[in-house]
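# Residue-level structural notes
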Amino acid sequence: MIDTAQKTISVLIAEDSPTQRETLAMMLEEAGGFAVAGMAQDGVEAVAATERLRPDIVLMDCYMPRANGFEATAAIMERCPTPIVMVSSAHSQDEMSHAFDSLRNGALAFLAKPSFGDSAEETAGRDVLIQTLRLMSDVKVVGRRRIARKEPVPRNAGREVRLIAIAGSTGAPGVVAEILSGLGSRRIPPILIVQHMARGFVGGFARWLADHVKFPVHVAKQGMMPAVGEAYLAPDDRHLGLDPSGRIALSGAPAEEGFRPS
């Protein structure tokens, strides 16, 4: 007989605000299927608690005292690899850089910190976080260590490549950064990127990518002509494509499988 009972997901909450810690704990309790394994008020405590409690997943603020989310993620993935979901309430470039660096270090997702009002948008934000925690808690993560890649980048032996398209969902920003970094400064075709991301963070992601690669990265605008050696990110809530003239075409067409861009 198959046991259909839902697994209880143990969560470590790492957040420096006592009010936010309690509010997030209440959100998880109300959602059902979660158990708060413990709470940490800074990054150092988060690392120690993860090693001690071995939760199924860590819900972590990206900016905390003593060790920020980026530093705590690096330590956790080295000492006791555990799925990590990052949240942030600020859109400052400094805080977004910490968050995206955390993804590159092994965190699985980066979302806006939920609001707890009754509006449809606030309710949807909480639902997205809950769903992300459920999905990411089953991801098998491994210790992170950098491996120098000495093999040459494969070259296309067929027709000329005129455009590169990259699509990424949850957990992909760090991988996208690795791919683009590996291209170096050589002449490359225009790159179009669709990345599922919390509303309001695409601009920060573009600036973060530009800091890690050797070519410009833009948030795409209607009518732009993609240029050789540059990358373009789909903006919030718009599908990304090209019109018959080869210019960028943004679309508000219905979401595909729940996503726009898709």
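Structure shown above.
Thresholds, definitions, all that
- Residues numbered from 1 in each chain as written.
- Predicted model: local features only at pLDDT ≥ 70, side-chain atom pairs only at ≥ 80, totals over all residues.
- Heavy atoms only, no water.
- Helix = DSSP H or I, 4+ residues; strand = E, 2+ residues; numbered from the N terminus.
- Buried < 20%, exposed > 50% of the residue type's maximum accessible area, 1.4 Å probe, protein only.
- Contact = heavy atoms within 4.5 Å.
- Areas by Shrake-Rupley, 256 points an atom, 1.4 Å probe, with all protein chains shown as cover.
- Core = buried A, V, L, I, M, F, W, Y, C linked by side-chain atoms within 4.5 Å.

## Things to note about the overall build of the protein chain
The helix and strand tally for the protein chain stands at seven helices and eleven strands. With 262 residues in all, the protein chain has 43% of them scored as buried. Here the analysis covers contacts within the protein chain between residues at least 6 apart in sequence; of these, 68% occur between residues at least 24 apart. On the protein chain, roughly 14100 Å² of surface is accessible, and the fraction owed to carbon and sulfur atoms is 51%.

## A word on unusual backbone geometry
Phi at Arg-54 takes a positive value of approximately 50°, unusual for a residue other than glycine. Relative to the helices and strands, Arg-54 is located in the loop between α2 (43–53) and β3 (57–61). Classification of Arg-54 by relative accessible area gives exposed; the value is 52%.

## Observations concerning the environment of Leu-192
The residue Leu-192 is located in strand β7 (residues 191–195) in this model. A residue is classified by how much of its surface remains accessible, and Leu-192, at 9% relative accessible area, is buried. For the pair Leu-192 and Glu-230, spaced 38 residues apart in the sequence, the C-alpha separation amounts to 8.9 Å. When residues no more than four places from it in sequence are discounted, the contact partners of Leu-192 are Leu-163, Ile-164, Ala-165, Ile-166, Pro-226, Tyr-232, Leu-240, Leu-242 and Ile-248.

## Some thoughts on the nonpolar core
Counting residues in hydrophobic clusters, the biggest one holds 62 residues, and the most contacted among them are Met-60, Val-85, Leu-180, Ile-191, Leu-209 and Phe-215. Excluding residues within four positions of it along the chain, Phe-215 makes contact with Leu-180, Leu-183, Gly-184, Ile-188, Ile-191, Ala-210, Gly-229, Glu-230 and Ala-231. Counting seven residues, the second largest nonpolar core, distinct from the first, contains Leu-192, Tyr-232, Ala-234 and Ile-248.

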